[in-house]
Amino acid sequence: MRIVLLGAPGSGKGTQAQCLQRDLALPQVSTGDLLRRAVSEGTESGLSAKTAMDAGELVSDDIVLGMIKDRLEASDAASGYVLDGFPRNVAQAKGLDGVLRDLSQQLDAAVLMDVDFEVLMKRLTGRRTCSKTGKLLNIYFSPQSELDACLNAGGELLQREDDNEATISSRLNVYHDQTEPLIEFYCSRNLLKTLDADGEAQDIYTRLLATLGYV
Ligand code: ADP
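### Here we look at the overall build of the chain
- Counting secondary structure elements, the chain contains ten helices and eight strands.
- For a compact globule of 215 residues, the expected C-alpha radius of gyration is about 17 Å, and the chain comes in at 17 Å, within 12% of that figure.
- Oriented by its inertia axes, the alpha-carbon framework of the chain measures out at about 50 × 45 × 35 Å.
- By sequence separation, contacts in the chain at least 24 residues apart represent 71% of the contacts at least 6 residues apart.
- In the form shown here, the chain has an accessible surface area of approximately 10900 Å², with 48% of it arising from carbon and sulfur atoms.
- In the chain, which carries 22 positive and 32 negative side-chain charges, the distance between the mean positions of the two groups comes to 3 Å.

### What to know about the site of the ligand
- Close contacts around the ligand come from 19 residues, with Thr-31, Arg-36, Glu-57, Gln-92 and Arg-171 the closest.
- Contacts to the ligand include Glu-57, whose backbone N or O atom sits 2.5 Å from an oxygen atom.
- Contacts to the ligand include Arg-171, whose side-chain N or O atom sits 2.9 Å from an oxygen atom.
- Look at the ligand: alone it shows 550 Å² of surface, and the protein chains cover 97% of it.

### Focus on helix α3 (residues 44-54)
- Buried within α3 are the following residues: Gly-46, Ala-49, Ala-52 and Met-53. An end-on view of α3 places all buried positions within 120° of arc, on one side of the element. Exposed and oriented more than 90 degrees from the buried face of α3 are Glu-44, Leu-47 and Thr-51.
- Residues of α3 that are buried make contact with α2 (31-41) and α8 (165-179).

### A word on a negative patch on the surface
- On the surface, Asp-114, Asp-116, Glu-118, Asp-196 and Asp-198 cluster together to form a negatively charged patch.
- By the secondary structure assignment, Asp-196 is in strand β8 (residues 192-196).

### Here we look at the sheet that holds β8
- Pairing is parallel in the open sheet, where five strands are placed in the order β2-β3-β1-β4-β8. Because the sheet does not close on itself, it has two edges, and the strands there are β2 (28-30) and β8. Strand-to-strand twist across the sheet, computed as the mean angle between neighbouring axes with direction ignored, equals 25°.
- Sitting on the sheet, helix α1 (residues 13-24) touches β1 (2-7), β2, β3 (81-84) and β4 (109-114), and the angle it makes with β1 is about 160°.

### Comments concerning the sheet that holds strand β6 (residues 136-138)
- Spatially, the three strands line up as an open sheet ordered β6-β5-β7, and their pairing is antiparallel. Both outer strands of the open sheet, β6 and β7 (157-158), are each paired with one neighbouring strand and no more.
- In the packing of helix α6 (residues 117-126) onto the sheet, contacts are made with β5 (127-130) and β6, and the angle to β5 comes to roughly 30°.

### Digging into the packing of aromatic side chains
- Following the criterion strictly, the structure yields one aromatic pair and no others.
- On the numbers, 5.0 Å between centres and 80° between planes, the contact of Phe-185 with Tyr-186 is edge-to-face.
- Phe-185 sits in the buried class, given a relative accessible area of 10%.
- You can call Tyr-186 buried: its relative accessible area is 0%.
- One cation-aromatic arrangement involves Arg-189 over Phe-185; the distance from NZ or CZ to the ring centre is 3.9 Å.

### Some remarks on the packing of α2 against α3
- Their axes nearest at 8 Å, the elements α2 and α3 cross at an angle of 120°. On the basis of their axis angle, the class for α2 and α3 is oblique. Here α2 runs over α3; the crossing is left-handed. For the pair α2 and α3, the contacting residues are Gly-32, Leu-35, Arg-36, Ala-38 and Val-39 in the first and Gly-46, Ala-49, Lys-50 and Met-53 in the second.
- When the residues that make up the contact of α2 with α3 are grouped by side-chain class, the tally is five nonpolar, two polar and two charged.

What counts as what
Residues numbered from 1 in each chain as written. Predicted model: local features only at pLDDT ≥ 70, side-chain atom pairs only at ≥ 80, totals over all residues. Heavy atoms only, no water. Helix = DSSP H or I, 4+ residues; strand = E, 2+ residues; numbered from the N terminus. Rg over C-alpha atoms; globule rule 2.2 N^0.38 Å. Contact = heavy atoms within 4.5 Å. Areas by Shrake-Rupley, 256 points an atom, 1.4 Å probe, with all protein chains shown as cover. Lys, Arg positive; Asp, Glu negative; His and termini not counted. Charge placed at Lys NZ, Arg CZ, Asp CG, Glu CD. Near = heavy atom within 4 Å. Polar contact = N/O pair within 3.5 Å; in protein donor to acceptor, adjacent residues only side chain to side chain. Buried < 20%, exposed > 50% of the residue type's maximum accessible area, 1.4 Å probe, protein only. Arc of directions from axis to C-beta. Patch = residues over 30% accessible without salt bridge, like charges linked within 9 Å, V, L, I, M, F, W, Y side chains within 5 Å. Salt bridge = Lys/Arg side-chain N within 4 Å of Asp/Glu carboxyl O. Pairing = 2+ DSSP bridges. Axes fitted to C-alpha atoms, helices over the stretch in contact; angles between N-to-C directions. Phe/Tyr/Trp six-rings, centres within 6.5 Å; stacked < 30°, edge-to-face > 60°. Lys NZ or Arg CZ within 6 Å of the ring centre and 35° of its normal. Parallel < 35°, antiparallel > 145°, perpendicular 65-115°, else oblique. Left-handed = near helix turned anticlockwise from the far one by under 90°. Nonpolar A, V, L, I, M, F, W, Y, C, P; charged D, E, K, R; others polar.

Take it as geometry only, folks, not as evidence of what the structure does.
As structure tokens, this is what we get:
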């Protein structure tokens, strides 16, 4: 199965992609993660990506499409994957069509993760990672016991560099202007499925599996 997860920053694409990877062995292909890795490795594309990422803007389509092409050609992606955070504009969606054509592959679904604006803001501004375990937490939504467990173990609650208020609002604007047109793009190809992505991650996952026809 080949799936695109569409949705605003904070809509939970990464969390759901990881569940699909765990249960269905569909590799999570996250351009955000690929780009952060390139930045930390200091590669040439990483260096030019960093400025755009810090400003909450999109990294150039050339860089992102090059990464995707390499990733989708890897052997573990031969029988399916979940695209998380890609495509993010119409040019990328058309670029993906070209890559898929070359690989003789087709998408099965584009799932729109639908969440209210206020919830997105809390998810993004409250998002933290435990420095000890790497566990994703949220200062608004995680149980206090889980936040305390990180601190009591000597960990720190780290915030992602682009999760500050200024960058978040620019990421949300970019989503509205450039990514939302993909809803129509995939709707017109009969691939769009809309998922209520508000609530507990586990409940959303149950709905996602149903949307994809797994239960
Ligand atoms: P989020 O969806 O929560 O904003 P991501 O980890 O998906 O987080 O992306 C972080 C940043 O990486 C984006 O703000 C953007 O700068 C860059 N990025 C990720 N995916 C793409 C893409 N497909 N095209 C261009 N830039 C991207």
